[in-house]
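# Observations on chain architecture
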Amino acid sequence: MNDIQFAFIDEAGDYSFDFENNDVSTHFILVAILAKGSNKEWLEQEVEKVRQKYFQTEQMQSDKMDNPHLRIQLLNVLKDLPFNIYAYVVDKRKIREDSGITFEKTFIKFMNRLVYDDLNRTFDQLDLVLREQGTKEFMTEFKTYISERSVPDLFNYSTFGFNQSKSEILLQLANFIAGTIANGYDQTQTSEHYPLFNKIIKKKIIAINLWPQNYNNYLDDYISRNQDSPFDEVIFKQSVNLTLQYLEKNKKSEDADEKIRVDLLKFLLFNLRENPNEYVFTQEILDNLNAIRVNKINQHYFRSNIVSKLRDSGLLIASSNKGYKLPVCLTDLYDFVHLSSLTIHPMIQRISKCRNQILLATNHEIDILEHNEYEYLKKIIELEKLTVHD
């Protein structure tokens, strides 16, 4: 049991859609602090030390820290502790009124199902922990929803569900992180310091699942936040739409590689929102994907079985010596073409030289490209010869 993954869950925001009321949040945010059983006790001790230093006798709650500089100090301490962040950020303003879920009760039920389906798909095993006292309505409904669907074993233990585990201090950590994320999304809590908050904890974040997921939401967000950045709407639209279509088609897949591809695309979409003009290094992506996996993937497997297969499916993924990103402009695509050409052209030249040597040695009786499956290579090499000759 010590190796089980725990998820300590808390929320920020409310369920109201009465945006004329200035106290109503624009976003609903749910944060799961992920920690392994073997780290739980030590993590609790370290977070408690942080609480005592920055909150003294009070609970470690985000709304009790107004000083952004103290928040930065605190986040810098937390970033080295053994936990990860898995979150959901729902922009309530972008939910259509005719969707049927712009009422508190229906919104809560919808979010129960959305979060359950995603967590159950993402994690093979997860021990969920919620606050026992003073639980908000969503948490109460969420616990009931999952309990009805969890299947206990002979020892009355559910591999995905609530197993009476507790940790008040790690639930306080979830609350603090939820509030920190709200600083970057919720219009009632927006902080100019959020980019620095995010930069500090970026490597702790496994995923921030944005919802609703549609192209216009990403476009509006990008334009409002990156007015002076290079941008091509056609490329942006194709990049995002193809990604969202792939996620919708494969979100319930049980195939292990398909799950990795889905998680990668979710990570790239999050990066598109937070750092749209920056590439993410391969190792950073692998650290993110491997944080929730027992069977780790290496760079070769990542490139050949994950990224390559996504590109084979027609998705647009830009790459350079700095890593990967979803393209937002023509320059991003040129980066991909340039990086690919550095490999493709030398390989074709080597094949051409090998072929020429064998043709010469056998008086043109053996052509290593004579088989039908190599016809395209033969045409490329012959065309290149004509181009050079001209």
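You'll find the structure just up there.
Just so you know, these numbers come straight off a predicted model, no measurement behind them.

## Quick notes on the overall build of the protein
For the protein, the helix and strand inventory stands at 13 helices and 8 strands. Summarising its shape, the C-alpha atoms of the protein cover approximately 90 × 55 × 45 Å along the three principal directions. Looking at the protein as a whole, 51% of its 390 residues qualify as buried. Put simply, of all contacts in the protein between residues at least 6 apart along the chain, 71% involve residues at least 24 apart. For the protein, the computed accessible surface area is about 20,800 Å², with 50% contributed by carbon and sulfur atoms.

## Some remarks on unusual backbone geometry
With omega at 0°, the peptide bond leading from Trp211 into Pro212 counts as cis. Secondary-structure assignment places Pro212 in the loop between β6 (205-211) and α7 (215-225). In this structure, Asn363 takes a positive phi of about 55° despite not being glycine. As for its placement among the helices and strands, Asn363 is situated in the loop between α12 (330-361) and α13 (375-389).

## Describing the environment of Ser340
Looking at where Ser340 falls in the secondary structure, it is placed in helix α12. Residue class for Ser340 comes out partly exposed when judged on its relative accessible area of 22%. Ser340 sits 21 residues away from Ser319 along the chain, and the two C-alpha atoms are 8.8 Å apart.

## Structural notes on the pattern of salt bridges
Summed over all chains, the structure comprises 26 salt bridges. We note a salt bridge from Arg261 to Glu258, for which the minimum N-O separation is 3.3 Å. Of this pair, Arg261 and Glu258 both sit in helix α9 (residues 256-274), separated by 3 residues, roughly a single helical turn. Looking at Arg261, the relative accessible area reads 8%, which means it is buried. You can call Glu258 buried: its relative accessible area is 12%. Within the structure, one salt-bridge network assembled from shared partners comprises Arg355, Asp367, Lys378 and Glu382.

## Quick word on the pairing of strand β1 (residues 5-12)
Among the 8 residues of β1, 8 are classified as buried, and the element is accordingly described as predominantly covered. With burial as the criterion, each face of β1 is covered, one bearing Gln5, Ala7, Ile9 and Glu11 and the other bearing Phe6, Phe8, Asp10 and Ala12. Direction of pairing for β1 relative to strand β2 (residues 27-36): antiparallel, over a ladder of 8 bridges. Following the sheet pairing, Phe6 is matched in β2 by Ala35. Where β1 meets strand β4 (residues 126-129), 3 bridges bridge the pair, whose relative direction is parallel. What sits directly across from Phe6, in β4, is Asp127.

## Observations concerning the sheet that holds strand β3 (residues 84-91)
Sheet architecture is open: 6 strands sit in the order β5-β4-β1-β2-β3-β6, paired in mixed fashion. Both edges of this open sheet fall to β5 (160-161) and β6, since each of them pairs with a single strand only.

## A word on a nonpolar patch on the surface
A cluster of nonpolar side chains, Ile358, Ile366 and Ile368, forms an exposed patch at the surface whose accessible area comes to about 210 Å². For Ile366, the location among the structural elements is in the loop between α12 and α13.

## Thoughts on the nonpolar core
Counting 77 residues, the largest nonpolar core has Leu78, Ile85, Ile181 and Phe302 as its most contacted members. Looking at this core, the element that brings in the most residues is helix α5 (residues 168-185), giving 11 residues. With sequence-adjacent residues up to four places away left out, Ile85 is seen in contact with Val31, Ala32, Ile33, Ile177, Ile181, Ile201, Lys204, Ile205, Ile206 and Ala207. One finds Ile9, Phe17, Phe138 and Phe142 within the second-largest nonpolar core, a separate group that totals 34 residues.

## Remarks on the environment of Asn217
Mapped onto the secondary structure, Asn217 falls in helix α7. It is 9.3 Å that separates the C-alpha atoms of Asn217 and Asp91, two residues lying 126 residues apart in sequence. Excluding anything up to four places from it in sequence, Asn217 contacts Lys94 and Pro212.

## Brief notes about the packing of aromatic side chains
Under the definition given, this model contains 17 aromatic pairs. Note on Phe138 and Phe142: the rings are 5.5 Å apart at their centroids and 15° apart in plane angle, and the pair reads as stacked. Here Phe142 and Phe138 lie together in helix α4 (residues 137-149), a separation of 4 residues that amounts to about one turn. Comparing Phe138 with Phe142, the two get one shared label, buried. An aromatic cluster is defined as three or more aromatic residues linked by ring pairs; in this entry it consists of Tyr15, Phe17, Phe19, Phe28, Phe107, Phe138 and Phe142. The aromatic ring of Phe6 is capped on one face by Lys40, whose charged end is 5.9 Å from the ring centroid. The ring of Tyr145 carries Arg149 above its face, with NZ or CZ at 3.5 Å from the centroid.

## Digging into the side chain of Thr282
By the element assignment, Thr282 lies in helix α10 (residues 282-290). When neighbours within four sequence positions are excluded, Thr282 is seen to be in contact with Gln299, Phe302, Arg303, Gly323 and Tyr324.

## A word on the side chain of Thr122
Within the secondary structure, Thr122 sits in helix α3 (residues 104-122). Among the residues examined, Thr122 registers a relative accessible area of 10% and is labelled buried. Reaching out from Thr122, the side chain makes a polar contact with the side chain of Tyr86 at a distance of 3.2 Å. There is a polar contact of 2.7 Å between the side chain of Thr122 and the backbone oxygen of Asp118.

Here is what the cut-offs are and how they apply
- Residues numbered from 1 in each chain as written.
- Predicted model: local features only at pLDDT ≥ 70, side-chain atom pairs only at ≥ 80, totals over all residues.
- Heavy atoms only, no water.
- Helix = DSSP H or I, 4+ residues; strand = E, 2+ residues; numbered from the N terminus.
- Buried < 20%, exposed > 50% of the residue type's maximum accessible area, 1.4 Å probe, protein only.
- Contact = heavy atoms within 4.5 Å.
- Areas by Shrake-Rupley, 256 points an atom, 1.4 Å probe, with all protein chains shown as cover.
- Salt bridge = Lys/Arg side-chain N within 4 Å of Asp/Glu carboxyl O.
- Pairing = 2+ DSSP bridges.
- Patch = residues over 30% accessible without salt bridge, like charges linked within 9 Å, V, L, I, M, F, W, Y side chains within 5 Å.
- Core = buried A, V, L, I, M, F, W, Y, C linked by side-chain atoms within 4.5 Å.
- Phe/Tyr/Trp six-rings, centres within 6.5 Å; stacked < 30°, edge-to-face > 60°.
- Lys NZ or Arg CZ within 6 Å of the ring centre and 35° of its normal.
- Polar contact = N/O pair within 3.5 Å; in protein donor to acceptor, adjacent residues only side chain to side chain.

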